[in-house]
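Here's the letter readout for the chains.
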Amino acid sequence: MDTIKTIQTRTSMKRISESVFMRLCRKLGTSQQVAMRRDVVDISEMIQVQKTAISGSASMLLSGSHREGFRLEGSDIDYMFWPNDHRVIWDLSQSRYYNSHRQTLILCDCSDSPPGFTLLYLLSLSVLKKVQYACVRMNNRHYISSSKYREISCALPSSVTTSLHGPCARGFIGPNEFDNAHCFVSDFWPPSASSWIARCHSWPQPHVVDDIVENGCHFVAIGHKLGRNEVNEWRISFSRAECKLVYVMNHCQFLTYGLLKLFLKEIINSELNDRGKLLCSYHMKTAVFWVIQQNIMLHWCPQNLLECFWVCFKLILKWVFDGVCPNFFIPANNMFLGKIHGAAQNYLFIKMYGLYKNGIGFLLHSPSIRSSIMTALYNPRNPIQKLCTDEHTLISENEFDIELFREILRNASICIYKAPLQSCIMYLQAIEHLISEHSMTQYQIIRLQKFTASIFQNLPFTLSLHTMTCATENKLRYRADKISCHMLKLSAKFGCISDLLYIAMYYYKTLRYKKALPIIDMVKVRLTQPYVIYNPYVDAETYIQAVGGQSWSTKMRQALSYDIDLVNLIHYICELIPEQQSGLKYVTFSSCIPLFVLLHMLEILCCRHLDTRRAHTALDDLRTLVQFDQGQFISSDLRDIS
């Protein structure tokens, strides 16, 4: 009898696991969605890396949960920045790999720092002002102070107000929170993490280990709270390595990690508001890494999802009891030290042990998955019958397309901080290199296609300014104009519906109002089609009827529209220059204008010279749109510019 009861319990647990698996696929993403998000982020970074290699500017890395493939509401976006002409080495023999005239070398000094932390000793003078200002003198050497470097980096000109948050400058752009960490990079793997290489017997695979080791590590500007040189120490960061490890997880492992993040946010931290948030998402990730590598769970599959979660939970509970959370790469680095100890440790353990005694049922306190557990428990079907765990049944074609296009458009505008013409050319060179040297996924191809269209939209306006100021011969101006028109038509050919407005702007800028109006009329007609995606609404039925089953390139060209993001350093039309100059004053590098607002605006400007009656009608339409729109065509954060 007990055996039958045990089997029934196990069957019930597997059924609940399958139900939770499907719910997490809906909330966190199917394996296809996660792969798409990563591919789009990766190709965007590859473009920036190539441009950086050409221009020699500072490097940037998107890290954290956004890079890993999560899109959780309220989670911040983490960026790492480091100067390319500064390199950290672990011993002096590594200096032979660098040109001392081009690279500023920094030597690690771990002799008096806790595991996972180091001092950075400047071997030669730096030309960077913020490095010079952050230097402190100790033992007749110049060290870079992490606290000074962090404060200087946080005080750099920005379009948003930032505050210090750990090693980062934290701020908001609209509703989105970001963390910028200004750091240094080493091309070499830390000697203190050599034991990690020896541990990698079964996970990750040898080629992944080699790739991780070859990419070295970073140093973020924060010291150990109990270190003797806290204000000057730097923490060794394995952000790039961690991202690669998350990438090689199977989907059940990824969702287990996601479930731990939800558990932390919705159960643990929601109950500990009065005591502060002692555990963080990084502890959850570390637990998953250890459990996978130690091969505690042999089968990571939908039917075992809750068992996988339970194993990770028990490991974290043990860490809290012991007051020791070993860093995955440098186990001697106890990440609880100075944070989870004494009364706080005791309080946290009591809370977590209370959950442990209640069993896996405590997940019913999670709003995100409660319904999926209840559905599996009270579903009237045969309890032995398996649930369908085919992820492809969870998301429709139009839903996936909307998310793909949202990811593509998330950072679609080209980042230009100075010299627009040279920047556009460098971006084209970067794209040319990527196409010739790298094989790309279908998601990366469509992202690269849209990015190329963005360059072809902006290059004509920078080229026209250049020819007006530099070219004296009409023949040269004519050739430049012909090239510009060709680029704009190309951008519309493999871009979106919205991209046609750049042609209209260019015709208006060059006083060809009669040529601009047919483009404006074409855009107006195409935007009235019910299958068109806009911000990010679409009629699913007509969308599938119109473009279902077609290539994403065709879908993007025929059915995608979006608000127009203008680079503030590029002057498109005179009427927008005051807005762009205002943006530059507050260090904002682009200005976003609602598509329908710019459409009516261009119609008014062109009709002023051709048809004043139509100009007044268009002005009335614009006034009605701005005054009475309820967020369908003008989002709340763009009402001001509208």
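Residues numbered from 1 in each chain as written. Predicted model: local features only at pLDDT ≥ 70, side-chain atom pairs only at ≥ 80, totals over all residues. Heavy atoms only, no water.

Asker: Honestly, the pairing of strand β11 (residues 217-220) in this entry has me stumped. Any pointers?
Answerer: Put simply, side chains in a regular strand alternate between the two faces of the sheet. Judged by which residues are buried, β11 turns out to be covered on both faces: C217 and F219 on one side and H218 and V220 on the other are all buried. Pairing of β11 with strand β12 (residues 234-237) involves three bridges; the strand directions are antiparallel. When the bridges of β12 are listed, H218 appears paired with S237. (Buried < 20%, exposed > 50% of the residue type's maximum accessible area, 1.4 Å probe, protein only. Helix = DSSP H or I, 4+ residues; strand = E, 2+ residues; numbered from the N terminus. Pairing = 2+ DSSP bridges.)

Asker: Would you take a moment to explain the packing of helix α14 (residues 397-410) against helix α21 (residues 552-559) for this structure?
Answerer: Helix-helix packing: each pair is described by the crossing angle between the helix axes and the interaxial distance. Orientation of α14 relative to α21, taken along the N-to-C sense of each, is 80°, at an axis distance of 12 Å. Relative to α21, the element α14 lies roughly perpendicular. Contacts from E397, F400, D401, L404 and F405 in α14 reach W552, K555 and M556 in α21. Class assignment for the residues of the contact of α14 with α21 results in five nonpolar, no polar and three charged. (Axes fitted to C-alpha atoms, helices over the stretch in contact; angles between N-to-C directions. Parallel < 35°, antiparallel > 145°, perpendicular 65-115°, else oblique. Contact = heavy atoms within 4.5 Å. Nonpolar A, V, L, I, M, F, W, Y, C, P; charged D, E, K, R; others polar.)

Asker: How should the nonpolar core be read in this particular structure?
Answerer: A general feature of soluble globular proteins is that nonpolar side chains tend to end up buried together. Ranked by internal contacts, the top residues of the largest apolar core, which has 102 residues, are L279, F329 and L363. With 13 residues, the top contributor of residues to this core is helix α11 (residues 305-322). If we skip the residues at most four places from it in the chain, L363 touches L259, I267, L306, F309, I369 and I373. (Core = buried A, V, L, I, M, F, W, Y, C linked by side-chain atoms within 4.5 Å.)

Asker: Is there a simple way to think about the environment of V208 in this case?
Answerer: The topology assignment puts V208 in helix α7 (residues 206-214). In this structure V208 comes out as buried when scored by relative accessible area, which is 8%.

Asker: So what exactly am I meant to see when it comes to a nonpolar patch on the surface here?
Answerer: The grouping of Y417, L569, L584 and F589 at the surface amounts to a nonpolar patch, some 350 Å² of accessible area in total. Topologically, Y417 is positioned in the loop between α14 and α15 (420-437). (Patch = residues over 30% accessible without salt bridge, like charges linked within 9 Å, V, L, I, M, F, W, Y side chains within 5 Å. Areas by Shrake-Rupley, 256 points an atom, 1.4 Å probe, with all protein chains shown as cover. Salt bridge = Lys/Arg side-chain N within 4 Å of Asp/Glu carboxyl O.)

Asker: What should I look at first to understand the packing of helix α8 (residues 239-247) against helix α10 (residues 281-293) in this one?
Answerer: At a minimum axis separation of 12 Å, α8 and α10 run at an interaxial angle of 55°. Looking at the two axes, α8 sits oblique to α10. α8 and α10 meet at a crossing whose hand is left-handed. Of the residues in α10, those touching α8 at E242, L245 and V246 are Y282, K285 and F289. The class makeup of the residues in the contact of α8 with α10 is four nonpolar, no polar and two charged. (Left-handed = near helix turned anticlockwise from the far one by under 90°.)

Asker: What's the story with the environment of S635 in this structure? I'm lost.
Answerer: Positionally, S635 belongs in the segment after α24 (612-628). Remark: the alpha-carbon pair of S635 and N535, spanning 100 residues in sequence, is separated by 8.7 Å. A distance of 2.8 Å separates a polar atom in the side chain of S635 from a polar atom in the side chain of D637. (Polar contact = N/O pair within 3.5 Å; in protein donor to acceptor, adjacent residues only side chain to side chain.)

Asker: Which parts of the structure should I look at to understand the confidence of the model for the chain?
Answerer: If pLDDT is low for a region, its predicted coordinates should not be looked at in detail. This prediction gives the chain a mean pLDDT of 90; 93% of its residues lie at or above 70. Segment residues 1-8: pLDDT under 50, and zero contacts once partners within four positions in sequence are set aside and those in other chains are kept. (pLDDT = per-residue confidence, 0-100.)

Asker: Just checking my understanding: could you explain helix α12 (residues 342-358) for this structure?
Answerer: One turn of an α-helix holds 3.6 residues; hence residues three or four places apart share an orientation. Spanning 17 residues, α12 covers 25 Å between terminal C-alpha atoms, matching the ideal 24 Å at 1.5 Å per step. Residues of α12 that are buried include every one of Q345, Y347, L348, M352 and L355, and no others. The buried side chains of α12 occupy one side of the element, clustering within an arc of 165° when seen end-on. Exposed side chains of α12 directed beyond 90 degrees from the buried face belong to A343, I350 and K357. Against α9 (251-271) and α11 lie the buried residues of α12. Backbone geometry just after α12 places G359 at a positive phi near 80°. (Expected span 1.5 Å × (residues − 1). Arc of directions from axis to C-beta.)

Asker: What is the right way to read the packing of aromatic side chains from this model?
Answerer: Working definition: an aromatic ring pair is given by the centre-to-centre distance plus the angle between the planes. This model, assessed by the stated rule, comprises 43 aromatic pairs. Their ring planes at 15° and their centres at 6.4 Å tell us that F309 and F313 sit as a pair that is stacked. Of the two residues, F309 and F313 both sit in helix α11, four residues apart, roughly one turn of that helix. As far as the burial class goes, F309 and F313 line up, both buried. Consider the rings of F321 and F349, whose centres lie 5.3 Å apart with planes at 50°: the pair is tilted. With F321 in helix α11 and F349 in helix α12, this pair connects stretches of sequence that are 28 residues apart. The exposure class of F321 is exposed, given its relative accessible area of 55%. (Phe/Tyr/Trp six-rings, centres within 6.5 Å; stacked < 30°, edge-to-face > 60°.)

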